[in-house]
Amino acid sequence: MPNKLNKTKMKSLKVDIRKTAGFISEGAVYAFENQMIKNHEAVLNKTGKGNDFLGWVDLPSTIDESLLKSIASSAAKMQEKAELFVVIGIGGSYLGARAVIEALQDNFAALKTGRNKPFIIYAGQNIGEDYMSQLLSLLDKHDYALTVISKSGTTTEPAIAFRILKNHLEEKYGKKEAVERIIAITDQEKGALKKLADDEGYQTYVVPDDVGGRYSVLTPVGLLPIAVAGYDIRQLVQGAADMEGLNRKSARLNDNPMALYAATRNALYQSGKNVEILVNYLPNLYYLTEWWKQLYGESEGKENKGIFPAGVNFTTDLHSMGQYIQEGERMLFETVLSVEEPNTKMTIPSDGQNLDGLNYIAGKRIDEVNKMAELGTMLAHVDGGVPNIRLSLPGINEYYLGQLIYFFEMACALSGYTLDVNPFDQPGVEAYKKNMFALLGKPGFEKATEEIRKRL
Ligand code: PA5
């Protein structure tokens, strides 16, 4: 159990659905309430589809103190050794850590010198040859350590990256020291990575059997890289635990923001809005959107059903995607992630000549302009036929990110059950792998290789 925060009572994430009113009635949203109550019971009692992957549900409140301590001490060891820390993983074994780290870190951290914590970089999330060779030339010049994360232990992209970086580390530091610089996070028993880690003597952490990749950010998969980056994993877990506590109390839409969000997006989907755009107004949230896209896309997009999850970063993308959102096909709705208070304060200066005409906002905070852009955009898009759900997050810190992670996870499970799909599997991901293995001539795929080559 995480330590209780000894701060004044923290605020909580809120959901506002008033700007969906011109598109769906309140009745259409509340028509999902009974379904949400049923889904909520199925999730908590573990009686629904995919019920062997519900370990994330009470993970924040039950996380083992000894695990948190061990992660903190491994992180401290890596911080001692490394200027750069490479996180090798893909999908759910990558996006959660990156979402939290990039939300919390300085936008220019990579370019600022004098860091006292390792800078986190990523590998195994693509198969770009140039990416890998540029990474190696960077790692030639810096002290580094790495974690390799794969629940299955057999995913091709991170396996290739690890094979290359393991060789590089061993050449650079010698085999004995290389072992000290590698942490493997994988299944307790099975998979090639588990065997390799045991054979080589790497420190390992376990991805629990009952937690799928995209729900694993609060396991060592997310917690270790976040701790190495220097962020407070206890507060992250505490935020999630508080949202878990709120969820446990009731599934009624007026009391449970996760159920309200899930019901509203399903009502919008039923009305023909089949693309949801997650909107942020802070560049640090780019990877949070990427994590959300994976969570919702992999959980709901099956059996020819599911809302397509898209993302935009405003105001940047108002100058690109804004046109389509305002006037293109009307199958969209937006969910705006609005951060009430940024972490710094800065005002716009006055100018004697005022050639740019900006003196009317001189003295205002930059964030006030951002907020007016947000409000103006919301009204414009609603006028243009795009309903709007607003999620307000009191601020960006570990605690609020923990709330947000649990909020999205639980809402995703409730939504997936509403669609009557299994939100915890991803059978569709196998199709590309099968073809890739056949094309590469993997042993065991001989027949598929012969067949696929005829199709080219
Ligand atoms: O959410 C998921 O289950 C997937 O996105 C996986 O995380 C991804 O495919 C990587 O799998 P693994 O951790 O087994 O390498």
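The coordinates are above.
So, how was this worked out
- Residues numbered from 1 in each chain as written.
- Predicted model: local features only at pLDDT ≥ 70, side-chain atom pairs only at ≥ 80, totals over all residues.
- Heavy atoms only, no water.
- Pairing = 2+ DSSP bridges.
- Helix = DSSP H or I, 4+ residues; strand = E, 2+ residues; numbered from the N terminus.
- Axes fitted to C-alpha atoms, helices over the stretch in contact; angles between N-to-C directions.
- Contact = heavy atoms within 4.5 Å.
- 1 Å grid on protein atoms, 1.4 Å probe; cavity = no way out; pocket = protein on both sides within 12 Å on 5 of 7 lines; lining within 4 Å.
- Points joined across faces, edges and corners; volume = space filled by probe spheres on them.
- Nonpolar A, V, L, I, M, F, W, Y, C, P; charged D, E, K, R; others polar.
- Buried < 20%, exposed > 50% of the residue type's maximum accessible area, 1.4 Å probe, protein only.
- Right-handed = clockwise from strand over helix to strand, strands pointing away.
- Core = buried A, V, L, I, M, F, W, Y, C linked by side-chain atoms within 4.5 Å.
- Salt bridge = Lys/Arg side-chain N within 4 Å of Asp/Glu carboxyl O.

A. Spotlight on the sheet that holds strand β7 (residues 275-280). One open sheet accounts for five strands, arranged β1-β10-β9-β7-β8; its pairing is mixed. Unpaired on one side and paired on the other, β1 (14-16) and β8 (308-313) mark the two borders of the sheet. Put simply, the sheet's adjacent strands are angled 20° from each other on average, direction ignored. Here three bridges tie β1 to strand β10 (residues 388-395), and the two strands are oriented antiparallel to one another. Following the sheet pairing, lysine 14 is matched in β10 by serine 392. Taken strand by strand, helix α13 (residues 286-300) contacts β7, β8 and β9 (332-341), and its axis lies near 175° from that of β8. Its contacts with the sheet put helix α16 (residues 398-418) on β1, β7, β9 and β10, and the angle it makes with β10 is roughly 150°.

B. The arrangement of the layout of surface pockets in detail. Computed from the structure, the largest pocket encloses a volume of approximately 830 Å³. Residue lining of the largest pocket: 31 residues in total, with Ser152, Thr155, Gln426, Val429 and Lys433 positioned closest to the centre. Broken down by secondary-structure element, the contributors of at least two residues to the lining of the largest pocket are β4 (144-150), α7 (156-173), α13 and α17 (430-440). Of all the elements, α17 adds the most residues to the lining of the largest pocket, at four residues. Taken as a whole, the second largest pocket encloses approximately 700 Å³ of empty space. As for the second largest pocket, its lining consists of 29 residues, of which Asn107, Leu282, Pro283, Asn284 and Pro342 are closest to the centre. Where the lining of the second largest pocket is concerned, the elements lending two or more residues are α5 (95-104) and α15 (366-383). Counting residues per element, the lining of the second largest pocket draws most heavily on α15, which supplies three residues. Residue composition of the lining of the second largest pocket, by class: 13 nonpolar, 10 polar and six charged.

C. Structural view of the packing of helix α4 (residues 65-81) against helix α11 (residues 233-249). Put simply, α4 and α11 touch, their axes get as near as 11 Å, and they point 145° apart. Contacts between α4 and α11 pair Glu65, Leu68, Lys69 and Ile71 from the former with Ile233, Arg234 and Val237 from the latter.

D. Quick look at unusual backbone geometry. Following phenylalanine 314, the chain continues into threonine 315 via a peptide bond in cis, with omega recorded as 5°. By the secondary structure assignment, threonine 315 is in the loop between β8 and α14 (322-327). For asparagine 304, which is not glycine, the phi torsion reads 60° and is therefore positive. Along the polypeptide, asparagine 304 turns up in the loop between α13 and β8. Asparagine 304 sits in the exposed class, given a relative accessible area of 85%. Of note in this structure, aspartate 420 is not a glycine but carries a positive phi near 60°. Examined against the element boundaries, aspartate 420 turns out to sit in the loop between α16 and α17.

E. The pairing of strand β5 (residues 182-186), seen in detail. The element β5 is largely enclosed, with a buried count of five among its five residues. Burial along β5 is two-sided: Ile182, Ala184 and Thr186 and Ile183 and Ile185, pointing in opposite directions, are all buried. Two strands pair when backbone bridges link them, and β4 and β5 are joined in this way by five bridges, in the parallel orientation. Of the residues in β5, the one forming a bridge with isoleucine 149 is isoleucine 185. Here β5 runs beside strand β6 (residues 203-206); their pairing, made up of four bridges, is parallel. Each bridged residue has a counterpart across the sheet, and for alanine 184 the counterpart in β6 is threonine 204. Crossover connection from β5 via helix α9 (residues 192-200) to parallel β6: handedness right-handed.

F. Structural view of the environment of valine 43. As for its position among the elements, valine 43 is in helix α2 (residues 33-44). The exposure class assigned to valine 43 is buried, which follows from its relative accessible area of 0%. Sequence separation between valine 43 and aspartate 383 is 340 residues; the distance between their C-alpha atoms is 37 Å. Apart from residues no more than four positions distant in its own chain, valine 43 is found in contact with Leu54, Val57, Met410, Ala413, Leu414 and Tyr417.

G. Local environment of the nonpolar core. Judged by nonpolar contacts, the single largest core of 95 residues is most densely connected at Trp56, Leu223, Tyr261, Trp291, Phe407 and Phe408. If near-sequence neighbours (up to four positions away) are discounted, leucine 223 is found in contact with Ile63, Leu68, Ile71, Val217, Leu218, Ile233, Leu236 and Val237. In this structure, Ala109, Leu169, Ile182 and Ala197 belong to the second largest nonpolar core, which totals 25 residues.

H. Structural detail: empty space enclosed by the protein. A complete count under the given rule lists two cavities of 30 Å³ or more for this structure. For the largest cavity, the calculated volume is near 70 Å³. Residue lining of the largest cavity: Tyr281, Leu282, Leu337, Ser338, Val339, Glu341, Pro342, Asp367, Asn370, Lys371 and Glu374, and that is the complete set. In this structure, the second largest cavity occupies an estimated 30 Å³ of space. Around the second largest cavity sit Trp56, Leu59, Pro60, Tyr215, Leu218 and Glu409, which together line it.

I. Molecular detail of the pattern of salt bridges. One pass over the structure, following the stated rule, counts 30 salt bridges. With its nearest N and O atoms 3.1 Å apart, the salt bridge here joins aspartate 198 to lysine 194. Linking aspartate 198 with lysine 194, this pair stays in helix α9, spanning four residues, or about one helical turn. A salt bridge links glutamate 368 to lysine 364; the shortest N-O distance between them is 3.6 Å. You can call lysine 364 partly exposed: its relative accessible area is 30%. Linked by salt bridges that have partners in common, Lys166, Glu170, Lys175 and Glu200 make up one network.

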